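Here is what each chain is made of, one letter per residue.
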Amino acid sequence: REESAAFVTAFMAVMGMDGTVVYGNAGHHPPVLFGAKGLRSPEMDSGLALGIYPEAVFGTGSFEISGQERLMLY
């Protein structure tokens, strides 16, 4: 109910046909990739959640995903 304490996490990604995933992360948990070799989570900075600082700048990163893996956000 306190407007000054309102924030939201967000994760947006674009996956290319070659398996490259380019993402922006604003305070969200990193995704989990799972496939035949088990689970893995790409190393990434979660960044600040949206709404904490109006002047916050959000960067991007990338990782590779194989055709046999699935990406899960939670």
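This text follows the structure it describes.
Cut-off values and rules
- Residues numbered from 1 in each chain as written.
- Predicted model: local features only at pLDDT ≥ 70, side-chain atom pairs only at ≥ 80, totals over all residues.
- Heavy atoms only, no water.
- Helix = DSSP H or I, 4+ residues; strand = E, 2+ residues; numbered from the N terminus.
- Rg over C-alpha atoms; globule rule 2.2 N^0.38 Å.
- Core = buried A, V, L, I, M, F, W, Y, C linked by side-chain atoms within 4.5 Å.
- Buried < 20%, exposed > 50% of the residue type's maximum accessible area, 1.4 Å probe, protein only.
- Contact = heavy atoms within 4.5 Å.
- Pairing = 2+ DSSP bridges.
- Phe/Tyr/Trp six-rings, centres within 6.5 Å; stacked < 30°, edge-to-face > 60°.

S.K.: Any details on the overall build of the protein chain? Residues and values, ideally.
M.R.: The helix and strand tally for the protein chain stands at zero helices and six strands. From first element to last, N terminus to C terminus, the protein chain shows the α and β order β-β-β-β-β-β. Over its C-alpha trace the protein chain gives a radius of gyration of 14 Å, far above what one expects of a compact globule, namely 11 Å for 74 residues. Projecting the C-alpha coordinates of the protein chain onto the three principal axes gives extents of approximately 45 × 20 × 15 Å.

S.K.: I'd like to hear about the nonpolar core, residue by residue, with values.
M.R.: Counting seven residues, the largest nonpolar core consists of F11, V21, Y23, L33, M44, F63 and I65. Setting aside chain neighbours within four positions, we find L33 in contact with G38, L39, R40, P42, F63, E64, I65, E69, R70 and L71.

S.K.: Describe the pairing of strand 5 (residues 60–64), and please don't skip the residues or the numbers.
M.R.: The alternating pattern of strand 5 places G61 and F63 on a buried face, while none of T60, S62 and E64, on the opposite face, is buried. Pairing geometry for strand 2 (residues 20–26) and strand 5, over five bridges, is antiparallel. Looking across to strand 5, one finds that Y23 is bridged to G61.

S.K.: For the packing of aromatic side chains, give the residues involved together with the corresponding values.
M.R.: Inspection of every chain in the model, using the stated rule, returns two aromatic pairs. Ring plane angle 15 degrees and centroid distance 5.7 Å describe the contact between F11 and Y23, whose orientation is recorded as stacked. In this pair, F11 sits in strand 1 (residues 10–15) while Y23 sits in strand 2, placing the two residues 12 residues apart along the sequence. Ring centres of Y23 and F63 lie 5.8 Å apart, and the angle between their planes is 40 degrees; on these two criteria the pair is classed as tilted. A residue pair is termed long-range when its members are at least 10 positions apart, and Y23 in strand 2 and F63 in strand 5 qualify at 40 residues. On the basis of relative accessibility, which here comes to 9%, the residue Y23 falls in the buried class.

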